[in-house]
Amino acid sequence: MTTDAEQKMQFLYALRSKGVTDMRVLSAMEKIDRGPFVTGIFTDRTYEDMPLPISCGQTISQPSVVGLMTQALNVQPRDKVLEVGTGSGYQAAILSQLGRRIYTVDRFRRLVREARHIFEAMDLSNITAITADGSRGLPDQAPFDRILVTAAAEDPPGPLLAQLRVGGIMVLPVGQSDTVQSLIRVERTETGFEYEELRQVRFVPLLEGLGQDG
Ligand code: SAH
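Source: prediction; values computed, not measured.

Novice: Hey, could you run me through the site of the ligand in this one?
Specialist: Taken together, 28 residues surround the ligand, and among them S88, D106, D133, G134 and L207 come closest. In this structure, D106 approaches the ligand through a side-chain N or O atom, which is 2.6 Å from an oxygen atom. When the ligand is considered free in solution it has 590 Å² of accessible area, and contact with the protein chains removes 99% of it. At the level of elements, β2 (59–60), β3 (80–84), α4 (90–96) and β4 (101–106) are the ones that each hand at least two residues to the shell around the ligand. A class-by-class count of the residues in the shell around the ligand yields twelve nonpolar, twelve polar and four charged.

Okay, structure coming up:
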């Protein structure tokens, strides 16, 4: 049987071997235990590099994808960050180690409530979790230095582009297919937006309106 410590070492090794090399990201992922964010019958898979089901028919992302997206976002210590798609709260918890203030929104009230409890228990006081349709962004708190979307839209939503500060970065999966999408990195410049395609990914769709808790 492997011990907890061995499992965690293998977890970090898997991240590195899949291209997560940024030391700040790796140490955030070492510090934030994935355990509290995984529930039910899947807890024995917590430290495997795979997405897992959570409440409301959603998923906690694959750790290496969380690492690669966080790395691409290049969060700086003074940054105000918006995450669309709280899900389990795991990604937001990683971001909380890197930025100044994290706003995370999900369309399911239940997911937001469960994530808030974990943030409180872990003393992650720089995260604000809100139930909202994140495809509209969070106009009251805009502009953001960084925006991370963890659900796939056909195109980058206009309100999110508008809420990105000049010099800011947004990372999101886009594409029409349910099975495979492109992860892209958008940088807002003085004159417009620059797009870069990073890799293929698979995320649940970005849906409009609030969800019915299940
Ligand atoms: N980042 C999460 C995984 C996200 S799964 C984690 O670390 O666990 C994608 C999430 O996006 C789901 O919880 C889904 O409810 C949410 N979502 C989909 N469309 C949304 C929208 N328009 N606004 C807010 N959240 C949305």
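Okay, back to it.
Novice: Before we go on, may I ask you to explain the packing of helix α1 (residues 4–17) against helix α2 (residues 23–31) in this structure?
Specialist: When two helices pack together, you describe them by how their axes are tilted relative to each other and by the distance separating the axes. Put simply, α1 and α2 touch, their axes get as near as 11 Å, and they point 155 degrees apart. Regarding the angle of α1 to α2, the classification is roughly antiparallel. Here the hand of the crossing between α1 and α2 comes out right-handed. Each of F11, L12, L15 and R16 in α1 lies in contact with α2, whose residues at this interface are L26, M29 and E30.

Novice: Mind showing me how you'd approach the pattern of salt bridges here?
Specialist: Side chains that carry opposite charge are capable of pairing whenever their charged atoms lie near each other. All chains considered together, the criterion is met by nine salt bridges. Through salt bridges that share partners, D4, K8 and D33 make up one connected network.

Novice: I would appreciate a short explanation of the nonpolar core in the present structure.
Specialist: In globular proteins that are soluble, nonpolar side chains generally tend to be buried together. With 47 residues, the main nonpolar core has F37, L73, Y90, F119 and V171 as its most contacted residues. For this core, the secondary structure elements donating two or more residues are α1, α2, α3 (63–73), α4, α5 (109–121), β5 (127–131) and β7 (164–174). Among the elements that take part in this core, α3 stands out by supplying six residues, more than any other. Setting aside its immediate chain neighbours within four residues, L73 contacts V81, L95, R146, I147, L148, I169, M170 and V171. Core analysis: the second largest hydrophobic core is formed by 20 residues, Y103, V105, A153 and L172 among them.

Novice: What is the right way to read α2 from this model?
Specialist: Because an α-helix completes one turn every 3.6 residues, residues spaced three or four positions apart along the sequence face the same direction. Of all the positions in α2, only V25, L26, A28 and M29 are classed as buried. Taken end-on, α2 shows its buried residues confined to a sector of 160 degrees, consistent with a single buried face. Along α2, the residues that are exposed and aim more than 90 degrees away from the buried face are M23, E30 and K31. Where α2 begins, the side chain of D22 points an oxygen toward the backbone nitrogen of R24, at a separation of 2.8 Å.

Novice: What's the story with the pairing of strand β8 (residues 181–188) in this structure? I'm lost.
Specialist: Here is the key point about a regular strand: its side chains alternate between the two faces of the sheet. Most of β8 sits out of view: six of its eight residues are buried. As judged from the six bridges shared by β7 and β8, these two strands associate in the antiparallel manner. Among the inter-strand pairings, I169 is bridged to a residue of β8, identified as E187. As paired strands, β8 and strand β9 (residues 193–201) are joined by eight bridges and run antiparallel to one another.

Novice: Before we go on, may I ask you to explain the sheet that holds β3 in this structure?
Specialist: Backbone hydrogen bonds are what pair the strands of a sheet, in a parallel or an antiparallel way. Taken in spatial order, the seven strands line up as β5-β4-β3-β6-β7-β8-β9 in an open sheet, and their pairing is mixed. Bordering the open sheet on either side are β5 and β9, each of which pairs with just one other strand. The sheet shows a mean angle of 15 degrees between the axes of neighbouring strands, taken without regard to direction. With five bridges connecting them, β3 and β4 associate as parallel partners. Note that in β4 the partner of L82 across the bridge is Y103. α3 contacts β3, β6 (144–149), β7, β8 and β9 of the sheet and is inclined by roughly 155 degrees relative to β7. Of the strands in this sheet, β4 and β5 are in contact with α5, which crosses β5 at around 165 degrees.

Calculation notes
Residues numbered from 1 in each chain as written. Predicted model: local features only at pLDDT ≥ 70, side-chain atom pairs only at ≥ 80, totals over all residues. Heavy atoms only, no water. Near = heavy atom within 4 Å. Polar contact = N/O pair within 3.5 Å; in protein donor to acceptor, adjacent residues only side chain to side chain. Areas by Shrake-Rupley, 256 points an atom, 1.4 Å probe, with all protein chains shown as cover. Helix = DSSP H or I, 4+ residues; strand = E, 2+ residues; numbered from the N terminus. Nonpolar A, V, L, I, M, F, W, Y, C, P; charged D, E, K, R; others polar. Axes fitted to C-alpha atoms, helices over the stretch in contact; angles between N-to-C directions. Parallel < 35°, antiparallel > 145°, perpendicular 65-115°, else oblique. Left-handed = near helix turned anticlockwise from the far one by under 90°. Contact = heavy atoms within 4.5 Å. Salt bridge = Lys/Arg side-chain N within 4 Å of Asp/Glu carboxyl O. Core = buried A, V, L, I, M, F, W, Y, C linked by side-chain atoms within 4.5 Å. Buried < 20%, exposed > 50% of the residue type's maximum accessible area, 1.4 Å probe, protein only. Arc of directions from axis to C-beta. Pairing = 2+ DSSP bridges.

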